[in-house]
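Spelled out, the chains give:
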Amino acid sequence: MLGAGGLAGQFLATASHAAFGSISHLPSALAPTATHGDSPAEAWSHDVGYSIGVGSAPTGVLYDPGTKDLLVANYNSSNVTVLTGAGGATVRSVTVGGGPSGLAYDSARHEVFVANYLTDSVSVISDLKNDSVVATITVGAGPCCLAYDPLKNEVFVANSEENNVSIISDLTNKVVGSVTVGWGPEGIAYDPEVSQIFVANSGANDTSVLSARTGAVLANVSVGGEPYGVAYDPAQHEVVVANYLSQNLSFLSDRTDSVVGTVGLPSSPALLAYDTSTRELFVSDPTANNMTIVSPKTDAVVATVPVGSAPEGIAYDPAGKQIIVADSGSNVLTAISETTPSILGTVGVGQGPEGSAYDPSTKEVFVADNANGTVSVISAVTDTVVSTIKVGEGPVVVLYYAGRHELFVVNYLSDNVTVISDKTDAVVANIPVGVGPQGIALNPGRGQLLVTNAISANVAIISAAKNTVVGEVNVRGTPYAIAYDPSVHEFFVSSMNGAVGTVTAVAAATDEVVASVTVGLDPYALVYDQPDHRIYVANYGSGTVSVISDRTDTVIATIDVRGEPGGPGGMAFDAPLHEVFVANDAPGNLTVISTISDRVEASVAIAGNPDGVAFAAAEGNVFVSSFGGNVTVIAAELPD
C-alpha cells in the first residue's frame, strides 16, 4: 500500500503548502503513447479550486452521497477527517484504528467502512449517528482498501500482508468469508454489471477476478508492474488498473476478463477515480506531485494538474462537481473543480495587514494595515471592504470592546492607541502609551485596556471611560502580547528575557507579578481559553504553541505547529468548537488546534505570509490577514 507499505517513507512530509495552479497540458514530445485507442486528446480546462488541511498523511478519500460529505483517511493521525457539505472547509474528525487508508460507502445502512492497516481491523462509521464509530471488525493482516457490493450488502477488504480478501456482512458487521488472491493485494473495485470484484495484486503483477455472488476466484489476469489502484468505468464496461512500476494503465474488459489495452503515463500512477459527468479517469501520481487526466473514450492522456506533495487518495464528488485529491506529503486535500471555485474567497486590503478583530454588533472585521497606517473594515456578510480608517503609524493589532462599541488599535511606530467608534467608523481618541506598543488586552471588570510596550518594557493601563493611561506595570525583557484571564483575575504577558521566552502572570487587582513561566522562543501571541482554563502562546521562534494552565501557572503541553523556527504569529479562539486558530507565517498556513486534545487537527494553506487571525462567530468564518496584502476567508464549523 502506498500509504503504509513500500513508498510510505518517501511521502510522509510535514509541510502544509498546497499547489494552486491551472492545467499544464503535455507537450507533444512528452505525450505518452496509447495502445488502447488513437483518437485525438480532448481539451481539458479545469483548475485547482482550493486546498484544505486535513490530518497527517491522508491516503484515502471518499464521497458520502447520503450527507454530501467528504471523508479523508489520515494514516499517521489514525483518524478520519469529515469535510461537511460537498467539500466545504468545515472540519471534524473521527478516531478510528491505526493507519487508516481505504474507505468504502455502504448505501444500504448509511455507513462508511475504514480499513485500518496497522491494527488489522475495519472501523464502521455511521453517518446517521453523527459520524460515530458503531463497530470495529478484525480482518486479515494489513487491510488497505475496500469495495462495497450493494446486491449482497457485503464489504470486500483487501488484506495486503495476508494475500487474501475478507468478506464482511453489513447486516451483522462480522466477517463471513475469506478468499485467497495473489501476492500483495493493494487495490480493489466492484463491477456491478457482472457482479465481480477486481483485486490488484502488487507483488504478483496481476489482477484477481472474484465472483461477488460466490466469492470464488474466476481468473487471474496479468497486468503491468506493481498494480495498485483499481476503478470501474461503466461507460466502457471496463476495469482500469494503475500500474505503479510500469507507469501505465491496464484496461480489462469485464466481458472477457482480459486486458484489451494499455495507456502509458508520464510517471508512476497510484490510485484512480472516475468522473461520470465527463467520463474521464483521474490518476494520482505521488512521485510527480500531480494528477493525470485520461480519457477512456480516446484512451489518451489529456492533461496533468499540479497538486500538493505526494498525492495518493482520489475521489469524485458529484455534488460539488469536483475531483478531490488527498496529498499525503503536505497533509492537505486539493479540489479540482469544473467551475473553479475558491474556499470562500480573499479580500484585498491595505499594505502589510497584521492584526484583526471581529465586531459582532456590526458584523464587521477590522484589519490593521501596518504599512498604510490605516484600518480596513470588512463586512463579514459580503466579504468586501466597506471603509478605510486612518489611524497611527505602524498599526499592529486591533481589539474590540463590546461594552463601549469601540475598537482599540495599537500603533507600534507612533507609540499610541487609536480608539474607533463602530457606530460611525470615526476615530474618537488617540492615547499616548509607552515606546513600541505591540499587544493589547481587555479587563472588562475594571473597564481597562492593558497595552504591552516592547521597547519601554512595561504595560500601560488605560481607562476606557477616560481614554487616558491611569497606571503601568514594569515587566522584564521585551513584552509582546497580553491576554486577560477573568477566572483567576490575572493578565498574562509574553516576553523575551535574553534568550528565554517567558509568560508573566500579573494580578489584575494589585498589578503585581505573581508568576513567571518559561515557554518557547519569541512568544508573539496569546489567547485565553476560558472553558478549559488555559492560555495558548504562539512561539514564533520555536515553531510551537505552549499551553499554560491558569490554575498552576505551568506549561502542560507544547504543540508543534511548524516543525522549524519562524512560524506561528496571530491567534484566535473558537469557543463553540474548542479550537485555536494559529497563523503560521513561514510555512504559509492556518493551523487548527483542538483544545480538547491539544493536537493539531487541520491545516489550511494560506498565501502571502499570514500573521493575523479573527474569528467571526456569527458567520462561522475565520479571517486570516496576510502581510502580502489580503485577507483569506475560511469557513469554520459551528455546532448544530
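Worth saying up front: this structure is predicted, and the values here are computed from it rather than measured.

Right, let's get into unusual backbone geometry. Despite not being glycine, Asp 511 shows a phi value in the positive range, around 60°. For Asp 511, the location among the structural elements is in the loop between strand S44 (500-507) and strand S45 (513-518). Asp 511 gets classed as partly exposed once you look at its relative accessible area, which sits at 27%. Located in the positive-phi region is His 578, a residue other than glycine, with phi close to 55°. The exposure class assigned to His 578 is partly exposed, which follows from its relative accessible area of 24%.

In this section: the side chain of Ser 77. By secondary structure assignment, the location of Ser 77 is in the loop between strand S3 (69-74) and strand S4 (79-83). For Ser 77, the side chain forms a polar contact with the side chain of Asn 79, separated by 2.9 Å. Beyond its immediate stretch of four places on either side in the chain, Ser 77 contacts Gly 55, Ser 56 and Arg 599.

A word on the sheet that holds strand S7 (residues 111-116). What the four strands build is an open sheet, ordered S6-S7-S8-S9; its pairing is antiparallel. The sheet terminates laterally at strand S6 (100-106) and strand S9 (132-138), the two strands that pair on one side only. Each strand axis lies, on average, 25° off the axis of its neighbour in the sheet, ignoring direction. Where S7 lies against strand S8 (residues 121-126), six bridges are found, and the strand directions are antiparallel. Counted as the bridge partner of Asn 116 is Ser 121 from S8.

Grouped together as the largest cluster of nonpolar side chains are 18 residues, with contacts concentrated most on Phe 156, Val 165, Ile 188, Ile 197, Val 199 and Leu 210. Elements supplying a minimum of two residues to this core: strand S10 (143-149), strand S11 (154-159), strand S12 (164-169), strand S14 (185-191) and strand S15 (196-201). Here this core takes three residues from S10, the largest share from any one element. Apart from residues no more than four positions distant in its own chain, Val 165 is found in contact with Phe 156, Val 157, Ala 158, Asn 159, Gly 177, Ser 178, Val 179, Val 181, Ile 188, Val 199 and Leu 210.

Confidence along the protein chain averages 81 in pLDDT terms, with 85% of residues attaining 70 or more. Here residues 37-46 scores under 50 on pLDDT; set against residues more than four positions off or in separate chains, the count is 27 contacts. Counted against residues more than four places away or in other chains, residues 338-345, with its pLDDT under 50, gives 25 contacts.

What counts and how
Residues numbered from 1 in each chain as written. Predicted model: local features only at pLDDT ≥ 70, side-chain atom pairs only at ≥ 80, totals over all residues. Heavy atoms only, no water. Helix = DSSP H or I, 4+ residues; strand = E, 2+ residues; numbered from the N terminus. Buried < 20%, exposed > 50% of the residue type's maximum accessible area, 1.4 Å probe, protein only. Polar contact = N/O pair within 3.5 Å; in protein donor to acceptor, adjacent residues only side chain to side chain. Contact = heavy atoms within 4.5 Å. Pairing = 2+ DSSP bridges. Axes fitted to C-alpha atoms, helices over the stretch in contact; angles between N-to-C directions. Core = buried A, V, L, I, M, F, W, Y, C linked by side-chain atoms within 4.5 Å. pLDDT = per-residue confidence, 0-100.

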